[in-house]
Each structure stands twice: as C-alpha cells, then as structure tokens.
Amino acid sequence: MSSGGLSNRLSWYARRLSAMSTAEVVHRVGELAKKRSARLAQPGWARFDQGDGPLPVFPAAIDVTSADADLVARWERVAEAAMARRHRFLGVDWPPAGNASLWHFDPVSQREWPKDRYCFDINYRHSDVYGDVKYVWEINRLQYLQPIAALAVRTGRGDLRAFVTAEIASWIVDNPPFHGINWPSGIELSVRAISVLVAARLIGADAFSAAETRAIRAFLAATGDWLSRYPSRFSSANNHLIAEAVGLYVIATACPELPAASRWRAYARRVLAEEVDRQFHADGIGAEQSPTYTAFTLELYVTAVCVAQAAGNPLPQAVLDKLATVGEALCWFMDETGAVPRIGDDDEGRVIVSDPEADRFYVASVLSATAAVCDRPDIAPPVAPPHLRDLVFGRRLAPTKGEGVHTFAEGGYTVLRDRVHDRQLALAMDHGPLGFLSIAAHGHADTLAVWLTYGGRALLADAGTYLYHAGGAWRDAFRGTPLHNTLSIGGESSSLVSGAFNWKAKAEASRLAVNDRLDTFSCEAAHDGYKARFGVEHVRALRRVSPDTFRIEDRLEGAAAPIGNVAIAFLSGEGIEIRTTDRASTFDFVAGGTALLRLTGPEGWVGSVVSGQEAERLGWRSPCFGVKTPSDQLVFRGSVAPGKTMRTDLRLL
C-alpha cells in the first residue's frame, strides 16, 4: 500500500470511529477478534461439504412461459454478449482478462485483485492500485446468469444451460471460502446466493452433475455461515442488514437440511419484522433518502415475502402493510412515464435482473412487483417494461395517480402533482434528514432542493451518483450542494462531506409549514447547515402564484452584514437545453425545440449556464453509476443583504 493509501485508510478509521457509539466500538472490537480467529480455520470447501443431496433452488416457482418476444429478445442479447465475454456493467466494458481470473479482474485498472489473501486483509475501501471495488463485485453477483437461465428454459437450448452451470462451477472453484475480494461484503454474498438459486430453479437439477450439486450445497453452507457470523449492525445496519437477512432466509428455506437452517430462518424473520419500521419512515419514505435505494430494500423485502408465502409461513401482515405504505410514497414521486427523481445515491443494486443495461425504470418494476405480492393494485405504477421480475413476483399496472399535495413529515418531502396545460406536473421539495443512521451513507447535501418533472421530462433534475470508493473529489461533488437545485454559500455544501460514506457536519431541517391546497399551495422550511460557518439559516419557500407559475423565495436569516458569493442553481435533466432569452435573468428550459419552462432568477443577480465545468465541477449529471455527462446547469450568483428575499419564478409553458 502506498503512503497515500495508508493515510486514507487511517483517516477513514478515524471518521468512522467518530460516528460510533461506545456500544458500537465494543461490538467492532469483538467482530475484529472473530475475523482474526477465523483466519486460522481450515481453508477450502471441505469443511462446508454437506455430502450428496438434492440441488437447492430458489424456493418459489418461476414461470417463464409467459415471457413475451421482446423480453426473450433482451435475454438473447444478454446471453450472446456474456458467452462471448463482452461484459458491460455499471457503464463500463470489460476488456479481455488475459491470464487473470475473470472473477478478480478490474475492468478499469485492468489489474487482478488478490484472490489468495484472507478476505478481511484486503483493503478494498482505499485501494489506489486496483480501482473501485464496485466493478469487480458487480460481475461476481452472477446476476447476468438469471436471464440466461430463463432463456435456456424458454428456448430449450442446452448450450445455455451448460454455460450457466459452468459459470457457477468456475466461480466456486476460483473463490474458496473467505479468501479473495469476493468474500468481505455480506450484501454481495446474499445477492450472489440468490442469483445461483434462481438460476438453479430455472435450469433444473438435471443440468448439474452430482459433483456440481455437491459444490453448490457447500457454497450455500459457507455463504450462510458467513452471513450469520458477521451481520451488519449499528451504523452499518442499513440496506446491507436487510440484504444479509433476506439472503440468509432464502438459503435456509432452500436448504432446510443444513444444521443451522432453522436458526438462520428464525433470525432472518426477526430482523425483517423488526427492521421494516427502521428502514422505512412511518410515512413510507426510505430512510436512506433515495428512491432507488428504497426500491432495492423494497425488492429485498418482496423477495422474502414471496419465499415465505411459497413455504407456507407468511411474514407478519404488519410487514406487508408497511411495504404497501412504501409503495404509496413512491407513487407520489412517479411521473406518467414511470420515472422518479434520482435523489440521493443510486448504485443500481438489484435482486432479480433481466438485462443489466436496460433497467431504467427499476423503481416502477419493483412497485409493480410489490403491488402484486401485497395484493395492492392501488400502488401499481402506470407503466413498467416487462421483466424477469414479473415472472417471479407477479405484475400489476394501474392508471397514473391523480392530483394533490402530500407532505411526508418524517421522510422530509412535500410533493405536488397536477396537470398544467394538459401536461402532468410533479414538483417536490426536500425538507428532511440527510440520511440513515449516524453516517447517513447514501444521502446527499440536498436539503431544501426542488425537483420538477413536467410532461414526462425532468426539467429540474438530480445530479445522480457517479462513483463510490474511487470517486474522490467527484464523489464529493455529486453529493455536494452546488450540484443540486438549491442555494449554496461560497461554493460550500450545507452538509460537510467526510469521506465517501460519511459526514462531519449535517444540516438539519426545521420550521416546516405547508398549505396543501392545490390552488394556493405553499411549502416553507429552513436548515442550519450554514449557521456555524456563516452565521445564517437558509429559509426557502415554494409557492404557487398562478395555475402555471411557482415561486421560490430564498432568504438567509441571522445575517448582520451582506453575505457574498451566494449561488442558487438549477440542473437540467436528460435532453433538456437551457437557453437565454431577450430578458435579463430569464432562461428557457427546452426539450426537442419546445420551451417547457421559463425561469426568471432573483432581481439584479447574474445568471449563467454552465455545462461540463471541470474546475468547479458544475454542469454534470450521472445518468447511471460510473458515468458522468455534461448537463446544462443554470447558476445565479450574487450577494444577500440582511432581510432580503431572493425570488425565482418558474412558469410552465
């Protein structure tokens, strides 16, 4: 490790310790001792050998006979690419691995992660040699095998069945228990185990030899052992804990003969029942403050619900009721195309995969599955592309939801839905917590930001995620306030970043007041993120001043003197161009040559459109993980005198 890598690692430990309670520190010390003692255990698969027995499969039926031609064609493209080793995940093409192991090869650095080293000795968080661990982990989820296995059943092609079995066998041989980069993270173990079980369910026991079946049984036993030994707890008990519990539950249900299966199953059910009110606020907003992370956690829960129902031992009704509440919340954010704002982090985590590169409407697809599993057609999305997920959980669609205003007091959003000039409008404002638990790992510094979708177009959009571990300053920028649709001071964020998944100061929102009448709508809130540094609170009000015009009023309370270098920014979405007009401080947001929004900034302020600005990292959007693209961003700059209100008008055209 370089001196820089060591320094980054020590800094990370210092930041994590600062976010831990005394109880968590005690737990971490005990966990570390447990991991060190496990290093001395007998290596290899032998100690997890379960002997001969039936092939474990996903414990619920999957019927692919109803897959339509378009879905089958997508599966064929996935199969053709995978069998030719043309892998593409997270926006990156995998070059030939050469003599390196496919399962340990990083496509960006083109280096091979250590495969013989004890997994907990590998510094995957701060590597300055191998690259972002997300890439190597993505292919090792083996999720591309799900659509290939489905295609094998749908078409009867033996070569596809042979490919799936060979991939699983290769992974097991090349990744002995607890050695290599593919063992440190429980969430990776869980989704990989589910992928193997889904593939096994689809292609059937006769596709595997007795030796391959025995190896899969050992693989699942080792995975379950790891998940039960090292659960995510305290500040790490976010979606990782849910993924681990669901993985453990599915393994225990698929392998009831394992000695610890009943204990694993009971533990997982207890976690899922207890955590449903922690992972999701009472109003249905995901505690991670991200619609896509909410959908991922929701899909994990739906997987457990489906397996429990198939096993004849349903999860408590209270769990299903809460999942339906989550679905209701997601419906408020969803537009007529099935899209939702990409608020907060999105690392494209999935449980069931049909086409890794064509899952743009993931939230809608999961909402469709949730409506089917919970038997709640009222929370079904207006549209969702056909997906393998439908054949596992079921599928429900429903007309676009109606108009109105809804405030999620605990989750921290107010959403207005209406029709203006015969186009659907969805307008949201953030006035909630930064994120979940003490580290708020997946939240962004977007307090008091607004998002606006009109006629199926994201006019005021979110910047997205871009990268995690390897993002560096770009990770900070995409989480930071200046790239969001709100006010910033001195180019600084309202919440201060402290590493890729931590914060050293968190803005807190307060003073919420909402008028929920559509015709006289208003929402006002404040946050204290700039109080310690600049002595002011940012107060923002969003008001409806006419049927097609909304006004944003920003002020900085507490200032004794003018505050300089203040910026109010608005980032455009995909396919939107921001054009100047013949009026000062007035700009049009244009899609396909048609102006949809006219935005007039604060009087006397200078507005400019930036795109792909490198130095200040403005004018960027990340449409998917690992990809950043220039995007028009309108930035107004000026100074704020004590008591002054900055008014921005948004007129829909």
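Higher on the page you've got the structure.
As a convention, each chain's residues are numbered from 1 in the sequence order in which they are written. Local features in this predicted model are restricted to residues of pLDDT 70 or higher, and side-chain atom pairs are both shown and tallied only at a pLDDT of 80 or more, whereas totals for entire chains, interfaces and linings draw on every residue. Water and hydrogen atoms play no part in the side-chain values, which are based on all heavy atoms of the structure.

Sorry, what's going on with the nonpolar core here?
Nonpolar side chains in soluble globular proteins tend to be buried together. Judged by nonpolar contacts, the single largest core of 154 residues is most densely connected at Phe58, Trp75 and Tyr144. When neighbours within four sequence positions are excluded, Tyr144 is seen to be in contact with Val78, Ala82, Arg85, His87, Phe89, Trp103, Ile139, Phe163 and Glu167. In this text, buried Ala, Val, Leu, Ile, Met, Phe, Trp, Tyr and Cys residues form a nonpolar core when linked through side-chain atoms within 4.5 Å. Here the term buried applies to any residue with accessible area under 20% of the maximum for its type, exposed to any over 50%, and partly exposed to those in between, with areas from a 1.4 Å probe on protein chains only. Leu425, Met429, Phe550 and Phe587 belong to the second largest nonpolar core, which has 43 residues in total. Should any heavy atoms of two residues lie within 4.5 Å, those residues are counted as being in contact.

Just checking my understanding: could you explain a nonpolar patch on the surface for this structure?
A grouping of Leu17, Val25 and Val29 is seen on the molecular surface, where their side chains present a nonpolar patch of about 240 Å² in accessible area. Runs of H or I in DSSP of at least four residues are treated as helices and runs of E of at least two as strands, each being numbered from the N terminus. Among the secondary structure elements, Val29 is positioned in helix 2 (residues 22-38). A residue counts toward a patch only above 30% relative accessible area and without a salt bridge, and it is joined to like-charged neighbours within 9 Å or, for Val, Leu, Ile, Met, Phe, Trp and Tyr, to nonpolar neighbours within 5 Å. Using a 1.4 Å probe, the Shrake-Rupley method yields the accessible areas, and only the shown protein chains count as cover for residues. Salt bridges are identified by distance alone: a Lys or Arg side-chain nitrogen within 4 Å of an Asp or Glu carboxyl oxygen.

Mind showing me how you'd approach the pairing of strand 22 (residues 633-640) here?
A regular strand carries its side chains on alternate faces of the sheet. Inspection of the sheet shows strand 15 (residues 563-571) paired to strand 22 by seven bridges, in the antiparallel sense. Bridged to Ala567 within strand 22 is Arg637. Strand pairing follows a simple DSSP-based rule, namely that at least 2 bridges must link the two strands. The sheet contact formed by strand 19 (residues 606-610) and strand 22 spans five bridges and is antiparallel. Note on strand 22: the bridge partner recorded for Ser608 is Val635.

Would you take a moment to explain the sheet that holds strand 11 (residues 509-515) for this structure?
What holds strands together in a sheet is hydrogen bonding between their backbones, with the strands either parallel or antiparallel. Taken in spatial order, the eight strands make up an open sheet running 11-12-13-14-23-18-17-16, and their pairing is antiparallel. Each end of this open sheet is capped by a strand with a single partner; those strands are strand 11 and strand 16 (576-580). Averaged over all pairs of adjacent strands, the angle between strand axes in this sheet comes to 15 degrees, irrespective of strand direction. Here strand 14 (residues 549-557) runs beside strand 23 (residues 645-652); their pairing, made up of seven bridges, is antiparallel. Looking at the pairing, Asp554 lines up with Met646 of strand 23. To get an axis, fit a line to the C-alpha atoms, keeping to the stretch in contact for a helix; angles then go from 0 to 180 degrees between the N-to-C directions.

Help me understand the packing of helix 11 (residues 291-310) against helix 13 (residues 362-373) in this model?
Close contact between helix 11 and helix 13 brings their axes to 9 Å; oriented N to C, the two are set at 30 degrees. With respect to their mutual orientation, helix 11 and helix 13 come out roughly parallel. For the pair helix 11 and helix 13, the crossing hand works out as left-handed. Where helix 11 approaches helix 13, its residues Pro291, Thr292, Ala295, Phe296, Leu298, Glu299, Val302, Val305 and Gln309 are matched on the opposing element by Tyr362, Val363, Val366, Thr370 and Val373. Charged residues are taken to be Asp, Glu, Lys and Arg, nonpolar residues to be Ala, Val, Leu, Ile, Met, Phe, Trp, Tyr, Cys and Pro, and polar residues to be all remaining types, Gly included. Here the residues of the contact of helix 11 with helix 13 are counted per class, giving 10 nonpolar, three polar and one charged. Roughly parallel here means an angle under 35 degrees, roughly antiparallel means over 145, roughly perpendicular means 65 to 115, and every remaining angle is called oblique. Handedness of a crossing follows from how the near helix is turned relative to the far one, being left-handed for an anticlockwise turn of less than a right angle and right-handed for a clockwise one.

Any chance you could explain the pattern of salt bridges here in plain terms?
Opposite charge on two side chains permits them to pair, given that their charged atoms come into close proximity. Tallying each qualifying case throughout the model produces 42 salt bridges. The salt bridge involving Asp206 is made with Arg161; its shortest N-O contact spans 2.6 Å. With Asp206 in the loop between helix 7 (186-203) and helix 8 (210-229) and Arg161 in helix 6 (residues 158-174), this pair connects stretches of sequence that are 45 residues apart. Beyond isolated ion pairs, a larger network of salt bridges with shared partners links Arg511, Glu524, Glu537, Arg543, Glu553, Arg555, Glu557 and Arg647.

What should I look at first to understand the packing of helix 5 (residues 145-155) against helix 7 in this one?
Across the interface, helix 5 lies against helix 7 with an axial gap of 8 Å and an inter-helix angle of 5 degrees. Relative to helix 7, the element helix 5 lies roughly parallel. Only Ser195, Val198, Ala199, Leu202 and Ile203 of helix 7 make contact with helix 5, whose side of the interface consists of Leu145, Gln146, Ala149, Ala150, Ala152 and Val153.

Honestly, unusual backbone geometry in this entry has me stumped. Any pointers?
One can expect most non-glycine residues to show negative phi and most peptide bonds to be in trans. Positive phi values are uncommon outside glycine, yet Leu90 reaches one of about 55 degrees. Position of Leu90 relative to the elements: it lies in the loop between strand 1 (88-89) and strand 2 (92-93). Judged by its relative accessible area of 4%, Leu90 is buried. Of note, Asn565 is a non-glycine position whose phi angle comes to about 55 degrees, a positive value. As for its placement among the helices and strands, Asn565 is situated in strand 15.

What should I look at first to understand the sheet that holds strand 19 in this one?
Here four strands make up an open sheet; going across it, the order is 8-15-22-19 and the pairing antiparallel. The sheet terminates laterally at strand 8 (487-489) and strand 19, the two strands that pair on one side only. Geometrically, the sheet is characterised by an average inter-axis angle of 30 degrees between neighbouring strands, direction not taken into account.

Even after reading the chapter, I still don't get the packing of aromatic side chains, so can you show me in this structure?
One pair of aromatic rings is described through two measures. These are the centre distance and the angle between the planes. Aromatic pairing here means that ring centres of Phe, Tyr or Trp (its six-membered ring) are within 6.5 Å. Orientation follows from the plane angle: under 30 degrees is stacked, over 60 is edge-to-face, and everything else is tilted. The full count for this structure, using the stated rule, is 25 aromatic pairs. Here Tyr118 and Phe120 contribute two aromatic rings whose centre-to-centre distance is 5.6 Å and whose plane-to-plane angle is 75 degrees, an arrangement assigned as edge-to-face. Look at Phe587 and Phe636: their rings are 5.8 Å apart centre to centre, the planes differ by 75 degrees, and that puts the pair in the edge-to-face class. Within this pair, whereas Phe587 is found in strand 17 (residues 586-591), its partner Phe636 is found in strand 22, the two being separated by 49 residues in sequence.

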